[in-house]
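# Structure at a glance
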Amino acid sequence: MAGEETLVFWLGSAGFGIATVIFASIGLKKQTAGINAELFVSFITSISYVVMALGLAIVIAPNGDPIYWSRWLFYIGSCSILTTDVALLKGESSRKIAEIGLYTGLTMLAGFLASYVTTPEKWWFFGLSSIAYIAMLFELNRGELAKKASMPKILAFVTLTWSLFPVVWVLSPTGFGVINIFVEAILYGVLDLVTKIIFGLYLIFKVK
Amino acid sequence: MAGEETLVFWLGSAGFGIATVIFASIGLKKQTAGINAELFVSFITSISYVVMALGLAIVIAPNGDPIYWSRWLFYIGSCSILTTDVALLKGESSRKIAEIGLYTGLTMLAGFLASYVTTPEKWWFFGLSSIAYIAMLFELNRGELAKKASMPKILAFVTLTWSLFPVVWVLSPTGFGVINIFVEAILYGVLDLVTKIIFGLYLIFKVK
Amino acid sequence: MAGEETLVFWLGSAGFGIATVIFASIGLKKQTAGINAELFVSFITSISYVVMALGLAIVIAPNGDPIYWSRWLFYIGSCSILTTDVALLKGESSRKIAEIGLYTGLTMLAGFLASYVTTPEKWWFFGLSSIAYIAMLFELNRGELAKKASMPKILAFVTLTWSLFPVVWVLSPTGFGVINIFVEAILYGVLDLVTKIIFGLYLIFKVK
């Protein structure tokens, strides 16, 4: 059932495993405000990739490709940690941080439902997920930006790179099936690498 | 498998979708303490109703009617937001707010188990859910009420209307099956409307 | 499918049910910092034992014994409450408390995956769970201990007794199957009793 995408998932497991160790060792030397978000994001992602590599949580798309729906359940945890960390850096109130975290969690929960359902009714959940995602971006981008000089750049980066995830989703077997599961796995893998590891290293060394 | 209750669920999806938009636009104009609880409650409920409308998460009751157990999993999120919001309005300590949220979540988790199990053993979970629910009501109602003049009325309203949910549960195919799934869906729909939309509008315009 | 371990689970349900009542009545008389952690830990555990007693969430191990994987999902809630409570008592920052809670939750999530998967690939998740567990112990034990005179004793107790859980896991049908499910259920039951009820009573009467 599982094909050559399995290799991508093992590479992802290894990459995020190494990233976890790196962020843990940085965390021992450098104390920042808030939790060591980068460490937890990488650790949760490495568990997620092992689950996919073992093919444990799959439904079959209309084109016969497997859909790894567990990815989106793990994103509920990892992506909420990421966005609340950015909101904290931006100096938002705890009220706004909680709202941004909730919108992120609901984006990924509806994204899970959209992936799990393989009939055209999936688009209901894609729509609900998109609404929560746009609300999250709106809350994250509006308001004062004064606190950190690099904040506009960070927000533009998050807005741009995160918005490529639903593009991949639409093109993949989860959406219209223009690309196959192997290409999908590579694209998500690169996006995960950029938005979680490279972004995390940038935050730690240039911003925090 | 799914019958005419599906129409009720689509109506619920639409109603809570509209309520989400209304609470979102109010939230842009009026800032309140805490998160925009009404918005998140309505949005989570609209996702819950789409899941039920599509018949995605069902077990079959002894009388042959479908039981939509996902309702209770979504209540874990939406109802915890609601009760912690009321506790915050009441001026409770963060310790008490956390306890009230935990009791609410456990009420709905055990309620899910009671709905998912269709044998008489379900009553174990109905009992556990009831204990958590009574503990929640006890914590919410005891102690100082001074902060808001309208608080006694709010607490009486919550205590009364929320307590109709287990009554519907007992009469429904989940319990003794005195009423059928169509009537159940209408009764829960009216209760959801009253406790989540009308109550939310009251809180925003008269209390907050 | 379920055997004589069912009796152990019913005993556990009853024991933790009684413990819940005891901790609730203590909580009415004695106010402590933080939530009534002991009460919620016991209540969640009693629900968990009823789920196991009813045999609701089972996979079959290679030796034919049932594996009750829901235990680990309930530990996500109960054990996170326990470790964050100990971290709060120790006087840790909210940042550290959140990290300790997250590590605990990830330990139990990966522990659930390790239990749910019955092929040798389960050891991936056992490894990931162990890493999260060691990180949790490391965070909990390092740093200042000054706040309470009994803290070194408490931390040694937690470190020692909690570390027996993975030992039981490895010996059980979940691991190498050296002991059977009946012995496993008794050992976990005794460990739950010691780490959740007796430890809770000690904290309330001697420390808090």
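This report concerns the structure included in the present document. Computed from a predicted structure; not experimentally measured.

### Looking at the packing of aromatic side chains
Using the criterion set out here, one finds 51 aromatic pairs over all chains in the structure. Here Phe 157 of chain B and Phe 199 of chain B contribute two aromatic rings whose centre-to-centre distance is 5.4 Å and whose plane-to-plane angle is 5°, an arrangement assigned as stacked. Linking Phe 157 of chain B in helix H6 (residues 151–162) with Phe 199 of chain B in helix H8 (residues 181–207), this pair joins segments that are 42 residues apart in sequence. Residue class for Phe 199 of chain B comes out buried when judged on its relative accessible area of 3%. Relative to Tyr 49 of chain C, the ring of Phe 16 of chain C has its centre 5.8 Å away and its plane inclined at 15°; by these criteria the two rings are stacked.

### Looking at the relation of the copies chain C and chain A
When chain C is fitted to chain A, the best match, at an RMSD of 0.0 Å, comes from turning it 120° and sliding it 0.0 Å along the axis. Expressed as a symmetry operation, the mapping of one chain copy onto the other fits a three-fold axis. Considering only C-alpha atoms, the residue of chain C closest to the rotation axis is Ser 94 of chain C, which sits at 7.8 Å.

### With respect to a nonpolar patch on the surface
Together, Leu 164, Val 167, Leu 171, Phe 176 and Val 178 of chain A make up a nonpolar patch on the protein surface, roughly 470 Å² of accessible area in all. Inspection of the secondary structure puts Val 167 of chain A in helix H7 (residues 164–171).

### A few points about the interface of chain C and chain A
The interface of chain C with chain A comprises 17 residues on the first partner and 19 residues on the second. Buried area between chain C and chain A, both sides added, is near 1,600 Å², and the carbon and sulfur share of it is 80%. Of all residues in chain C, the largest losses of buried area upon contact with chain A belong to Arg 95, Leu 106 and Leu 128 of chain C, amounting jointly to 33% of the total for that side. Where chain C meets chain A, there are zero salt bridges. For the interface between chain C and chain A, the tally reads two residue pairs in polar contact (both at pLDDT 80 or more). Breaking the side of chain C that touches chain A down by element, the ones donating at least two residues are helix H4 (94–116) and helix H5 (122–141) of chain C.

### Topic: the environment of Ala 37 of chain A
All names here are of chain A. The topology assignment puts Ala 37 in helix H2 (residues 37–53). The exposure class of Ala 37 is buried, given its relative accessible area of 3%. C-alpha separation for the pair Ala 37 and Phe 23, spaced 14 residues apart in sequence, amounts to 9.0 Å.

### So, the pattern of salt bridges
In this structure the tally under the stated criterion is 25 salt bridges over all chains. Of the charged contacts, one joins Asp 192 of chain B and Arg 71 of chain B as a salt bridge, the two residues approaching to 3.4 Å between their closest N and O atoms. With Asp 192 of chain B in helix H8 and Arg 71 of chain B in helix H3 (residues 70–90), the pair connects residues that are 121 residues apart, well separated along the chain. The network of salt bridges with common partners includes Lys 90, Glu 92, Lys 96, Glu 139 and Arg 142 of chain A.

Quick notes on the rules
Residues numbered from 1 in each chain as written. Chains lettered and ligands numbered in written order. Predicted model: local features only at pLDDT ≥ 70, side-chain atom pairs only at ≥ 80, totals over all residues. Heavy atoms only, no water. Phe/Tyr/Trp six-rings, centres within 6.5 Å; stacked < 30°, edge-to-face > 60°. Helix = DSSP H or I, 4+ residues; strand = E, 2+ residues; numbered from the N terminus. Buried < 20%, exposed > 50% of the residue type's maximum accessible area, 1.4 Å probe, protein only. Least-squares fit on C-alpha atoms with pLDDT ≥ 70 in both. Patch = residues over 30% accessible without salt bridge, like charges linked within 9 Å, V, L, I, M, F, W, Y side chains within 5 Å. Areas by Shrake-Rupley, 256 points an atom, 1.4 Å probe, with all protein chains shown as cover. Salt bridge = Lys/Arg side-chain N within 4 Å of Asp/Glu carboxyl O. Contact = heavy atoms within 4.5 Å. Buried area = accessible area lost by both parts, 1.4 Å probe. Polar contact = N/O pair within 3.5 Å; in protein donor to acceptor, adjacent residues only side chain to side chain.

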